[in-house]
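One letter stands for each residue in the lines below.
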Amino acid sequence: GTMRAAVRIGWRIGAAAALRGRAVRPLSQAAGESGGSESGGGSGSREAVERLVREHPVVVFMKGSPAQPLCGFSNAVVQILRLHGVEDYRAHDVLQDPDLRQGIKDYSNWPTIPQVYLNGEFVGGCDILLQMHQNGDLVEELKKLGIRSALLDAEKDQEKK
Amino acid sequence: AAGGAMGGPMARTIHAKLTAALQPTHLEVRNDSSRHGGPPGAETHFGVLVVSGCFAGLPLLQRHRLVHEALRAELAGPLHALQVIARTPQQWQSDPQAPPAPPCLGGSKR
């Protein structure tokens, strides 16, 4: 049926997006990465994370950076935001900060990276952002933040393409 | 498919735990580990398609949290990534106006 096809397309896109990531680190390397600071609270504390998620209307915790995502799922988030013309946002590379990497998971009670926050509120990871993009919810959520999605302009001004 | 029809131990665990927790009317468990550089037999990255009445009335975030909760131990351990599609039986059976796939995610321009 069409529903199944649509779901499978979405699923495959997610899987294909996972392939887009550049220089995916071997898991053993990622697990053994240093940085190992002994600091207790610090960058992963609830207070520190709270400050980060409220820093900007759109905040992303990811692996790598928007210029160079290091994971296909993080790359998918960057690409979706780019489709909507959202280039001005805060992105935090959790691979640079093990305390933040754990702290953000504790804060949202969400086990994986990437994590997307809109107006300080956790909205989900790559899957959810993709579904929000596909069903139009992302355009609406961006509008609530005073951000006009580029997709609205793309529909209006076809000659710009 | 690698690991045989039912997959390896993690695949079977995911299947069993999601079945017990959510009584899905439809459940698919996909091992993506090889697509993330894992060796044959690796069970670190999975995708699940869960159709369950438990999701009725819940927004996406809450649906995904239910799935994560069922797999809390695995996600705290060797399960590194989990893609989730969570639908109610009604959504699964109906034919929604799903928009086409965004082009940029389907191919690299760089």
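Residues numbered from 1 in each chain as written. Chains lettered and ligands numbered in written order. Predicted model: local features only at pLDDT ≥ 70, side-chain atom pairs only at ≥ 80, totals over all residues. Heavy atoms only, no water.

- The name given to chain B in an unreviewed UniProt entry is BOLA1 protein, and the organism recorded there is Anthoscopus minutus.
- The UniProt entry for chain B carries the following text under Sequence similarities (unreviewed entry): "Belongs to the BolA/IbaG family." (UniProt positions renumbered as here; feature names shortened; annotations may be inferred.)

- Within an unreviewed UniProt entry, the label attached to chain A reads Glutaredoxin-related protein 5, mitochondrial, and the organism entered is Anthoscopus minutus.

**A word on the sheet that holds strand S2 (residues 45-51) of chain B**
All names here are of chain B.
Here is step 1: The strand order S1-S2-S3 describes an open sheet built from three strands, whose pairing is mixed. Among the strands making up the open sheet, the edge pair consists of strand S1 (26-31) and strand S3 (81-87). Ignoring which end each strand starts from, the neighbouring axes of this sheet average 10° apart.
Here is step 2: Judged from the seven bridges that link them, S2 and S3 form a sheet pairing that is parallel. Bridge assignment links His45 to a residue of S3, and that residue is Ala81. (Pairing = 2+ DSSP bridges. Helix = DSSP H or I, 4+ residues; strand = E, 2+ residues; numbered from the N terminus. Axes fitted to C-alpha atoms, helices over the stretch in contact; angles between N-to-C directions.)

**Here we look at the environment of His84 of chain A**
Residues and elements named next belong to chain A.
Here is step 1: Inspection of the secondary structure puts His84 in the loop between helix H4 (72-83) and strand S2 (90-93).
Here is step 2: Between the C-alpha atoms of His84 and Ile147, which are 63 residues apart in sequence, the distance is 9.4 Å.
Here is step 3: Beyond its immediate sequence surroundings of up to four residues, His84 is in contact with His133, Leu138, Val139, Leu142, Arg148, Ser149, Ala150 and Leu151. (Contact = heavy atoms within 4.5 Å.)

**As for the sheet that holds strand S3 (residues 115-118) of chain A**
Residue and element names in this part refer to chain A.
Here is step 1: With mixed pairing, four strands are arranged side by side in an open sheet as S2-S1-S3-S4. Bordering the open sheet on either side are S2 and strand S4 (121-124), each of which pairs with just one other strand. Each strand of the sheet is rotated relative to its neighbour by a mean of 25°, with strand direction disregarded.
Here is step 2: Two elements, strand S1 (residues 58-62) and S3, share four bridges in a ladder whose sense is antiparallel. Considered in S3, the bridge of Phe61 is made with Gln115.
Here is step 3: Taken strand by strand, helix H3 (residues 46-53) contacts S1, S2 and S3, and its axis lies near 125° from that of S1.

**A few points about empty space enclosed by the protein**
Here is step 1: Enumeration according to the criterion identifies one cavity of 30 Å³ or more in this entry.
Here is step 2: If you add up the space inside the largest cavity, you get close to 140 Å³.
Here is step 3: Lining of the largest cavity is provided by 14 residues; of these, Thr112, Gly125, Cys126 and Asp127 of chain A together with Leu82 of chain B occupy positions nearest its centre.
Here is step 4: Elements that contribute at least two residues to the lining of the largest cavity include exactly helix H6 (126-135) of chain A together with helix H2 (60-70) and S3 of chain B.
Here is step 5: Grouping the amino acids of the lining of the largest cavity by side-chain chemistry returns eight nonpolar, five polar and one charged. (1 Å grid on protein atoms, 1.4 Å probe; cavity = no way out; pocket = protein on both sides within 12 Å on 5 of 7 lines; lining within 4 Å. Points joined across faces, edges and corners; volume = space filled by probe spheres on them. Nonpolar A, V, L, I, M, F, W, Y, C, P; charged D, E, K, R; others polar.)

**Some details on helix H1 (residues 9-22) of chain B**
All names here are of chain B.
Here is step 1: Here H1 contains 14 residues, and its C-alpha end-to-end distance of 20 Å stays within 8% of the 20 Å for a straight helix at 1.5 Å per residue.
Here is step 2: If you check which residues of H1 are buried, you get Met10, Ala11, Ile14, Leu18 and Leu22. Seen end-on, H1 carries its buried residues on one side only, within an arc spanning 105°. Those residues of H1 that are exposed and aimed more than 90 degrees away from the buried face are Pro9 and Ala20.
Here is step 3: Buried residues along H1 sit against S1, S2, H2 and helix H3 (72-75).
Here is step 4: With its phi angle positive at about 40°, Gln23 sits one or two positions after the end of H1. (Expected span 1.5 Å × (residues − 1). Buried < 20%, exposed > 50% of the residue type's maximum accessible area, 1.4 Å probe, protein only. Arc of directions from axis to C-beta.)

**Side note on the packing of aromatic side chains**
Residues and elements named next belong to chain A.
Here is step 1: What the rule picks out here adds up to four aromatic pairs over all chains.
Here is step 2: Taken together, a centroid distance of 5.4 Å and an interplanar angle of 80° make the contact between Phe61 and Tyr117 edge-to-face. Here the residue Phe61 occupies a position in strand S1, and Tyr117 occupies one in strand S3, the gap between them amounting to 56 residues.
Here is step 3: Residue Phe61 is classed as buried on the basis of its relative accessible area of 0%. (Phe/Tyr/Trp six-rings, centres within 6.5 Å; stacked < 30°, edge-to-face > 60°.)

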